[in-house]
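This is what each chain is made of:
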Amino acid sequence: MTEPHIGQGDRAARHTDFGRLIRDEATDTVVCHVCGRAFRALGAHVRVHDMTASEYREEFGLLRTRALSARSLSQERSRTRRAGYRASTEAQERFAAGRAMARSGELNRRRWNHADEQPETDESLRVRQESLTSGRRTRARTTGARTSAALRAEGFADLGQALRTVHVDRQLGIEDTARVLAVGRRRLRRLLTEHGIAIRPSGQNSDTGRLARVQLNDRAAAERVGVEDITVWLRERTAAGATLRDLAAATGRSVPRVAARIGRR
């Protein structure tokens, strides 16, 4: 069916949604700013208003890259383009340089440099904000799923129980607690505060932390002298006549530390 021609006189009936592509989500169509009619795509329709698609975008503050089509149609076209790209060696070679620039971040740098030279439109501001909001929601979902998986793996019923068990009962520090629960350290601090759990001040030793450092130092000393158990080695060397000073020099530990490992006061 041929569309009736709508001339310049009909411009007065334009919709006022400047800088926004008007969508009818119920029918999956886009609405013309000029006449208010809904279509799957506006590219061909706007000619009846004596406008090209580019002129339409400029007239109503839309991004030059904005597809004037329904979501389903845009997705169909995108799938078709991707399938054609995958099937065409020539196309892949033609866009190889662009892919390399995208991976290196050069495309983003050029885009933002160009954006600095151009005034930002209402739609570009809105699109950027929507993109940021969408990204935050995606990250929140991903983080939540990762933490839930960590809780299940550790056998915790809920996050509050996990925080108290790991940080308070086990006395793990912020970094180790964050690793066990698969959260970032900043988020962990926020969660501890929200659940009323005191954060141990930096520099305050815990029993777990002291034990971990002792074990780490013992492993380092054992590797230095080439044995499995440093305590056994120290006692054997002492029985063979080695002095505490000799043992300290061999292991790289202090005399008091060596004495403590072999049980001398």
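Everything here concerns the structure above.
Residues numbered from 1 in each chain as written. Predicted model: local features only at pLDDT ≥ 70, side-chain atom pairs only at ≥ 80, totals over all residues. Heavy atoms only, no water.

Student: Is there a simple way to explain the nonpolar core in this structure?
Tutor: Buried together is how nonpolar side chains tend to be arranged in soluble globular proteins. The biggest cluster of nonpolar side chains holds 16 residues, and the ones touching the most others in it are L151, F156, L163, V166, L181, L188 and L192. Listing elements by their share of this core, those giving two or more residues are α7 (159–169), α8 (174–181) and α9 (185–194). With residues near it in sequence (within four places) discarded, V166 still touches F156, Q171, L172, T177, V180 and L181. (Core = buried A, V, L, I, M, F, W, Y, C linked by side-chain atoms within 4.5 Å. Buried < 20%, exposed > 50% of the residue type's maximum accessible area, 1.4 Å probe, protein only. Helix = DSSP H or I, 4+ residues; strand = E, 2+ residues; numbered from the N terminus. Contact = heavy atoms within 4.5 Å.)

Student: Can you walk me through the packing of aromatic side chains in this structure?
Tutor: The way to describe two aromatic rings as a pair is by their centre distance and the angle between their planes. Per the counting criterion, the structure on display carries two aromatic pairs. Measuring from ring centre to ring centre gives 4.9 Å for Y56 and F60, while their planes differ by 55 degrees; the resulting arrangement is tilted. We classify F60 as buried; its relative accessible area is 4%. (Phe/Tyr/Trp six-rings, centres within 6.5 Å; stacked < 30°, edge-to-face > 60°.)

Student: What exactly am I supposed to notice about a positive patch on the surface here?
Tutor: A contiguous patch of positive charge, built from R77, R79, R81, R82 and R86, is present on the exposed surface. As for its placement among the helices and strands, R77 is situated in helix α2 (residues 71–87). For R77, a relative accessible area of 39% corresponds to the partly exposed category. (Patch = residues over 30% accessible without salt bridge, like charges linked within 9 Å, V, L, I, M, F, W, Y side chains within 5 Å. Areas by Shrake-Rupley, 256 points an atom, 1.4 Å probe, with all protein chains shown as cover. Salt bridge = Lys/Arg side-chain N within 4 Å of Asp/Glu carboxyl O. Lys, Arg positive; Asp, Glu negative; His and termini not counted. Charge placed at Lys NZ, Arg CZ, Asp CG, Glu CD.)

Student: Any chance you could explain the environment of D229 here in plain terms?
Tutor: The topology assignment puts D229 in the loop between α10 (207–225) and α11 (230–239). Along the backbone, D229 and R219 are 10 residues apart, and their C-alpha atoms lie at a distance of 8.1 Å. A distance of 3.2 Å separates the side chain of D229 from the backbone nitrogen of V232, its partner in a polar contact. (Polar contact = N/O pair within 3.5 Å; in protein donor to acceptor, adjacent residues only side chain to side chain.)

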